[in-house]
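Here is what each chain is made of, one letter per residue.
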Amino acid sequence: MVIPVHDVNPVRRTPVVTYALIAANVLVFLYMPGLAGSVAGDSGLSQLCHLQAFLDQYAAVPQELIHHQLPQTVPTGDVGPGGAGCAVGPPTYDKSPVQSVFTAMFLHGGWLHLLGNMLFLLIFGNNVEDRMGHVRFALFYVVCGYAASYGFALLNDDSGDPLIGASGAIAGVLGAYLVLYPKARVWVLVPFLVFLPLRLPAWLVLGFWFALQAVYSSGEGVSAAGTVAYAAHIVGFLAGMLLAWPLKAGTPPPPEPRGLLFGRRARPRHTW
């Protein structure tokens, strides 16, 4: 997997929505019980029980999204008798499955999950926001997140596992970037003995990312495919491409690349 670190594609205005989304995701993660205190996400049984109850209330669950089947008993957040597990009981809250898709977009399963998502959002979100405008970008982000969650739920309608993370919405941002700026250059780190810095075209970086999601969603090449909603990434990416397509014709091209790798050296231009 290549790691993007910077794109050569300046923006005309400050991406305030992108920055606000990053800030919101970080703040919510710090509020989540049992995760923020450890880089690995490890915690004691009490914290895990609190986290389980928190996710049951605020995460999206495919069964609930498709069949609207809410459980009769849920984790209470307390440790069960004898410390053997987490206690359960009737829910003390009213959960809206539709609203849970929105709240789930701001929940993450660990520091690596959070930081990886925010890195992609920071690098690619600013240009998509610059092209769409602040309000349209915010709506676009939410729509892609909903499309990704419901797309995954339709394919896994019998699943009772919580679905969390901004990956589906951010996948939509990546799809939009591919449509709008396929020739923009992206600096990436490629792990090959050491991390090699390369400047590659966006179509190659994002196309490779999408291909990996497709392979992983089939269960090939990864031992724990069931723990990551790769299908949600695919649906979000395709939704982002579709929604951004009408803006493609009026999108100004990125700057002419200056470098030797995967790009021509720009010729001098004279202005009058």
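The structure we're discussing is the one just above.
Keep in mind the model is a prediction, meaning the values are calculated, not measured.

Draft legend 1. Quick peek at helix H2 (residues 45-58). An ideal rise of 1.5 Å per residue puts 20 Å on 14 residues; H2 measures up with 20 Å between its terminal C-alpha atoms. The set of residues buried in H2 consists of Cys-49, Leu-51, Ala-53, Phe-54, Leu-55 and Asp-56.

Draft legend 2. Highlighting the environment of Gly-77. Inspection of the secondary structure puts Gly-77 in strand E2 (residues 74-79). Gly-77 sits in the buried class, given a relative accessible area of 3%. C-alpha separation for the pair Gly-77 and Leu-51, spaced 26 residues apart in sequence, amounts to 7.3 Å. Not counting the four nearest positions on each side in its chain, Gly-77 is found in contact with Ser-46, Cys-49, His-50, Ala-53 and Ala-87.

Draft legend 3. Structural view of the packing of helix H5 (residues 111-132) against helix H7 (residues 167-180). Where H5 meets H7, the closest approach of the two axes is 9 Å, and the angle between their N-to-C directions is 45°. Relative to H7, the element H5 is oriented oblique. For the crossing formed where H5 meets H7, the hand is left-handed. Residue-level inspection shows His-113, Asn-117, Met-118, Phe-120, Leu-121, Phe-124, Gly-125, Asn-127, Val-128, Arg-131 and Met-132 of H5 in contact with H7, the latter providing Ser-167, Ile-170, Val-173, Leu-174, Ala-176, Tyr-177 and Leu-180. When its residues are assigned to classes, the contact of H5 with H7 shows 12 nonpolar, 5 polar and 1 charged.

Draft legend 4. Looking closely at the side chain of Arg-185. Relative to the helices and strands, Arg-185 is located in strand E4 (residues 185-192). Engagement of the side chain of Arg-185 in a polar contact is seen with the backbone oxygen of Lys-183, the distance being 2.9 Å.

Draft legend 5. Highlighting the sheet that holds strand E1 (residues 3-8). Read across the sheet, 3 strands follow the order E1-E4-E5 without closing on themselves; strand pairing throughout is antiparallel. Each of the sheet's edge strands pairs with one partner strand only, and the pair in question is E1 and strand E5 (194-201). Averaged over all pairs of adjacent strands, the angle between their axes in this sheet comes to 25°, without regard to strand direction. Across 5 bridges, E1 lies against E4 in antiparallel orientation. Looking across to E4, one finds that His-6 is bridged to Trp-187. Sheet strands in contact with H5 are E1 and E4, and its direction is about 20° off that of E1.

Draft legend 6. Representation of the nonpolar core in the model. Core analysis: the largest hydrophobic core is formed by 60 residues, its most contacted members being Phe-124 and Tyr-141. The greatest single-element share of this core, amounting to 10 residues, is contributed by H7. Once you skip the residues sitting within four places of it in the chain, Phe-124 turns out to touch Pro-4, Val-173, Leu-174, Tyr-177, Val-186 and Leu-206.

Draft legend 7. Up close: the state of the cysteines. Taken as a whole and assessed by the stated rule, the structure comprises 1 disulfide. Across the disulfide from Cys-49 sits Cys-86; the S-S distance is 2.1 Å. Negative torsions about the S-S bond denote left-handed disulfides, and the value of about -90° found for Cys-49 with Cys-86 makes this one left-handed. You can see Cys-49 sitting in helix H2 and its partner Cys-86 sitting in strand E3 (residues 86-89), a full 37 residues away along the chain. Of the residues examined, Cys-86 reaches a relative accessible area of 25% and is grouped as partly exposed.

Draft legend 8. Examining H5 more closely. Look at H5: 30 Å from first C-alpha to last across 22 residues, which is about the 32 Å you get at 1.5 Å a residue. Along H5, the sharpest change in direction is near 40° and occurs at Gly-125. Just downstream of H5 lies Gly-133, where phi reads positive at about 95°.

Thresholds, definitions, all that
Per-chain numbering applies: the sequence of each chain, read as written, is numbered from 1 onward. Per-residue local features of the predicted model are confined to residues with pLDDT of at least 70, and side-chain atom pairs are confined, for both listing and counting, to 80 or more; whole-chain, interface and lining totals are unaffected and use all residues. Only hydrogens and water are removed before side-chain values are computed, so all heavy atoms of the structure are retained for them. Under the DSSP-based scheme used, a helix requires at least four consecutive residues in state H or I and a strand at least two consecutive residues in state E, with every element numbered from the N terminus. Multiply 1.5 Å by the residue count of a helix minus one, and that product is the helix's expected span. With a 1.4 Å probe rolled over the protein chains alone, any residue whose accessible area is under 20% of its type maximum counts as buried; one over 50% counts as exposed, and the rest are partly exposed. Residues are treated as being in contact if the distance between any of their heavy atoms lies within 4.5 Å. Axis lines are fitted to C-alpha atoms, over the contacting stretch for helices. Their N-to-C directions set the angle, which ranges from 0 to 180 degrees. Just so you know how the angles are binned, under 35 degrees is roughly parallel, over 145 roughly antiparallel, 65 to 115 roughly perpendicular, and the rest oblique. Working rule for handedness: look at the near helix, and if it is turned counterclockwise from the far one by less than a right angle, call the crossing left-handed; if clockwise, right-handed. Amino acid classes used here: Ala, Val, Leu, Ile, Met, Phe, Trp, Tyr, Cys and Pro are nonpolar; Asp, Glu, Lys and Arg are charged; the rest, including Gly, are polar. Any N or O atom pair separated by 3.5 Å or less is treated as a polar contact, with the protein-specific requirement of one donor-capable and one acceptor-capable atom, and with residues adjacent in sequence counted only for side-chain atom pairs. Pairs of strands are assigned from DSSP output, requiring at least two bridges between the strands. As used in this record, nonpolar core signifies buried Ala, Val, Leu, Ile, Met, Phe, Trp, Tyr and Cys residues forming a set joined through side-chain atoms within 4.5 Å. In plain terms, two cysteine sulfur atoms within 2.5 Å form what is called a disulfide here. The bend at a residue is defined as the angle formed between two axes, one fitted to the seven residues ending at that residue and one fitted to the seven starting there.

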